[in-house]
Amino acid sequence: LDEQVFDLIISERRTLQIVLTKVDSTTPHQLHSAMAGAVNAALQFDAAHTWPYIHGVSALKGHGMDELRCSIASIAWDARVAAGLKP
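Residues numbered from 1 in each chain as written. Predicted model: local features only at pLDDT ≥ 70, side-chain atom pairs only at ≥ 80, totals over all residues. Heavy atoms only, no water.

**A few points about the overall build of the chain**
Per the secondary structure count, the chain includes three helices and two strands. Reading the secondary structure of the chain in the N-to-C direction produces α-β-α-β-α. In terms of overall dimensions, the chain has C-alpha extents of about 45 × 25 × 20 Å along its principal axes. Buried positions account for 21% of the 87 residues belonging to the chain. A sequence separation of at least 24 residues applies to 55% of the contacts in the chain between residues at least 6 apart. Carbon together with sulfur atoms contributes 59% to the accessible area of the chain, which is approximately 6,600 Å² in total. (Helix = DSSP H or I, 4+ residues; strand = E, 2+ residues; numbered from the N terminus. Buried < 20%, exposed > 50% of the residue type's maximum accessible area, 1.4 Å probe, protein only. Contact = heavy atoms within 4.5 Å. Areas by Shrake-Rupley, 256 points an atom, 1.4 Å probe, with all protein chains shown as cover.)

Structural data, given as structure tokens:
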């Protein structure tokens, strides 16, 4: 399923953003391993369609949520500008 989603994102020329969730329920070592795996997965995709940051978030504790919101807003802004719309 993930590969189908990735293919759709790429075919639609959308920006891929990787977000690791529930980071509050992992150990630092597990989070580091998950981040390393996410980086390796991101390297498979064209950098032009990959957001340069991988976010780790916890909705329960709020960790990383502000940064994720800012990234989403930035992607939306870039898409509007690229489409010739007013920001």
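**A few points about the side chain of T50**
Locating T50 in the fold gives a position in the loop between α2 (28-42) and β2 (55-56). Of the residues examined, T50 reaches a relative accessible area of 15% and is grouped as buried. Not counting chain neighbours up to four residues away, the residues in contact with T50 comprise T15, L16, A42 and F45.

**What to know about the nonpolar core**
A general tendency of soluble globular proteins is for nonpolar side chains to be buried together. Counting residues in hydrophobic clusters, the biggest one holds eight residues: I9, L16, I18, L20, V23, A38, A42 and F45. Beyond its immediate sequence surroundings of up to four residues, F45 is in contact with F6, I10, L16 and T50. (Core = buried A, V, L, I, M, F, W, Y, C linked by side-chain atoms within 4.5 Å.)

**Considering the pattern of salt bridges**
The tally for this structure, following the rule as stated, stands at one salt bridge. Residue D66 is joined to R69 by a salt bridge in which the shortest nitrogen-to-oxygen separation is 3.2 Å. Placement of both D66 and R69 in helix α3 (residues 65-82) is noted, with a separation of three residues, approximately one turn of the helix. Accessibility classification places D66 together with R69 in one group, the exposed group. (Salt bridge = Lys/Arg side-chain N within 4 Å of Asp/Glu carboxyl O.)

**What to know about the layout of surface pockets**
A volume near 250 Å³ is recorded for the largest pocket. In terms of lining, the largest pocket is formed by R13, R14, T15, A48, H49, T50, W51, I75, A76, D78, A79 and A82. Taken together, the residues that form the lining of the largest pocket break down as six nonpolar, three polar and three charged. (1 Å grid on protein atoms, 1.4 Å probe; cavity = no way out; pocket = protein on both sides within 12 Å on 5 of 7 lines; lining within 4 Å. Points joined across faces, edges and corners; volume = space filled by probe spheres on them. Nonpolar A, V, L, I, M, F, W, Y, C, P; charged D, E, K, R; others polar.)

**Considerations on α3**
A rise of 1.5 Å per residue sets the reference length of α3, with its 18 residues, at 26 Å; its end C-alpha atoms lie 26 Å apart and thus fit the reference within 8%. Three or more residues of α3 are buried, namely M65, L68, S71 and I75. Axial view of α3: buried residues confined to an arc of 125°, hence all on one face. Those residues of α3 that are exposed and aimed more than 90 degrees away from the buried face are D66, R69 and C70. Immediately beyond the C-terminal end of α3, within one or two residues, lies G84, with a positive phi of roughly 80°. (Expected span 1.5 Å × (residues − 1). Arc of directions from axis to C-beta.)

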